[in-house]
Amino acid sequence: MKEKDYKLIALDMDGTLLTSNKSILPETIEDINAAVKVGKDVVFSTGRGLVEMKSFFEQIPQINYAIVFSGAVVYNITEKEIIYCDSIPQQVALEIIKIADAFQAMAHLLTLNESIVDKRQVQQMAEYNMKIYQSSFLKITTQVDSLAEACINYPSFPKVNIYFRTREDRMAAYEQLKLYPLTFALAEGASLEMSPPNTTKGTALLHLASHLGIDVSETIAVGDADNDRDILLKAGLAVAMENANKDIKEMADEIVTDNDHNGTGEAIKKFLLQLQ
């Protein structure tokens, strides 16, 4: 690898910055602090919404910026300021809910301030291959009787997810949903994430780099899954986790150790700080 003075590293959350039990290793936080101390930007890069990120913002207050909602929003954490935002219109969200209902799947509406789910389905998240997130969802989500009725209260949504019972259901629903102006990512066991058209973590990285006055070639992206693909393509250096999907590892410039053994810290030290 040709040495370059990288200025920013964007870290995916699930499967990357977070361990298998959804925590951040103390040594990873130390490596992030070391990077920030010398003037490097460390950025959250996630499909999660703002309400889902609140505890992580508090845990690592040294991080100033976040790419959230899979790129639909770029957020200045310190100033509580939205730098960039795009969204899915209400009518499209209603169609997504209808298709989710047809497959007896769990739809999930994300707004700038709320994470909205059906109060019955959140009690049964194991059925939708999302058991590991259930305790978090029970704490942070707004639980409603009807997602369709809740949807009417919002003109648009940065992101909408559906959690399916099977991958076959996911692909059958995708065949219907792909007719709508959306960006799709396959996630978790059988989940489908939907963002506004032409919106990815990669497009958000371009917005953030422009805001910070740096060239995208001076950035590093670290990830493991389908919704990291475009940011890995756009960043100056693409780093995949050892636990990443096979195709993500094949497209990466570099591979670091897995998310349970401080792979993100390795990326920070080796490529951002260039400590050998």
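Preceding this section is the structure that the text describes.
This structure is a prediction, so every number in the text was calculated from the model and none was measured.

**Remarks on the sheet that holds strand β11 (residues 159-163)**
Strand order in the open sheet made by the six strands is β9-β8-β7-β11-β13-β12, with mixed pairing throughout. One side of each edge strand has no neighbouring strand; the edge strands of this open sheet are β9 (142-144) and β12 (183-187). Between one strand axis and the next, the sheet turns through 20 degrees on average, direction left out of account.

**Brief notes about the sheet that holds strand β14 (residues 219-223)**
The strand order across the open sheet formed by eight strands is β5-β4-β3-β2-β1-β14-β15-β16, and the pairing between neighbours is mixed. Each of the sheet's edge strands pairs with one partner strand only, and the pair in question is β5 (81-85) and β16 (254-256). The mean inter-strand angle of the sheet, taken between neighbouring strand axes irrespective of direction, is 20 degrees. In the sheet, strand β1 (residues 8-12) pairs with β14 via four bridges, with the strands oriented parallel. Looking at the pairing, Leu8 lines up with Thr219 of β14.

**A few points about the packing of helix α2 (residues 26-37) against helix α11 (residues 263-272)**
Between α2 and α11, whose axes approach to 8 Å, the crossing angle comes to 30 degrees. With respect to α11, the axis of α2 lies roughly parallel. The handedness of the crossing between α2 and α11 is left-handed. Of the residues in α11, those touching α2 at Thr28, Asp31, Ile32 and Ala35 are Thr264, Gly265, Ile268, Lys269 and Leu272.

**Description of the pattern of salt bridges**
Summed over the entire model, instances satisfying the criterion amount to 18 salt bridges. Of the charged contacts, one joins Lys7 and Glu218 as a salt bridge, the two residues approaching to 3.3 Å between their closest N and O atoms. On the criterion of sequence distance, the pair formed by Lys7 in the segment before β1 and Glu218 in the loop between α8 (201-212) and β14 is long-range, its members being 211 residues apart. Take Lys7: its relative accessible area is 33%, and that puts it in the partly exposed class. The shortest N-O distance in the salt bridge between Arg229 and Asp226 comes to 3.6 Å.

**A word on helix α7 (residues 167-177)**
Turning to α7, its buried residues number three or more, namely Arg170, Ala173 and Leu177. Mapping the buried residues of α7 onto a view down its axis gives an arc of 70 degrees, with all of them on the same face. Contacts from the buried residues of α7 go to α4 (90-102), β11, β12 and β13 (191-195).

**Notes on the layout of surface pockets**
One number sums up the size of the largest pocket: a volume of about 610 Å³. Around the largest pocket, the lining comprises 36 residues; the ones closest to its centre are Asp14, Tyr133, Ala187, Glu188 and Glu193. Elements with a minimum of two residues in the lining of the largest pocket: α1 (13-17), β7 (106-110), α5 (134-140), β11, α7 and β12. Counted as a void, the second largest pocket has a volume near 270 Å³. What lines the second largest pocket is a set of 14 residues, and nearest its centre among them are Arg48, Ser55, Phe56, Ser136 and Ile140. Put simply, the parts of the chain that give the lining of the second largest pocket at least two residues each are α3 (50-59) and α5. A total of five residues in the lining of the second largest pocket trace back to one element, the largest contributor, which is α3.

**A closer look at the environment of Asp258**
Checked against the element boundaries, Asp258 lands in the loop between β16 and α11. Along the primary structure Asp258 and Leu25 are separated by 233 residues, whereas in three dimensions their C-alpha atoms are 12 Å apart. Here Asp258 is in contact with Met241, Glu242, Asn243 and Gly263, once residues within four sequence places are set aside. One polar contact links the side chain of Asp258 to the main-chain amide nitrogen of Asp260, over a distance of 2.8 Å.

**Examining the side chain of Asp224**
In this fold, Asp224 is placed in the loop between β14 and α9 (229-234). A distance of 3.3 Å separates a polar atom in the side chain of Asp224 from a polar atom in the side chain of Thr16. Setting aside residues no more than four positions away along its own chain, Asp224 makes contact with Asp12, Asp14, Gly15, Thr16, Met241, Asn243, Ala244, Asn245 and Ile248.

The rules behind the values
- Residues numbered from 1 in each chain as written.
- Predicted model: local features only at pLDDT ≥ 70, side-chain atom pairs only at ≥ 80, totals over all residues.
- Heavy atoms only, no water.
- Pairing = 2+ DSSP bridges.
- Helix = DSSP H or I, 4+ residues; strand = E, 2+ residues; numbered from the N terminus.
- Axes fitted to C-alpha atoms, helices over the stretch in contact; angles between N-to-C directions.
- Parallel < 35°, antiparallel > 145°, perpendicular 65-115°, else oblique.
- Left-handed = near helix turned anticlockwise from the far one by under 90°.
- Contact = heavy atoms within 4.5 Å.
- Salt bridge = Lys/Arg side-chain N within 4 Å of Asp/Glu carboxyl O.
- Buried < 20%, exposed > 50% of the residue type's maximum accessible area, 1.4 Å probe, protein only.
- Arc of directions from axis to C-beta.
- 1 Å grid on protein atoms, 1.4 Å probe; cavity = no way out; pocket = protein on both sides within 12 Å on 5 of 7 lines; lining within 4 Å.
- Points joined across faces, edges and corners; volume = space filled by probe spheres on them.
- Polar contact = N/O pair within 3.5 Å; in protein donor to acceptor, adjacent residues only side chain to side chain.

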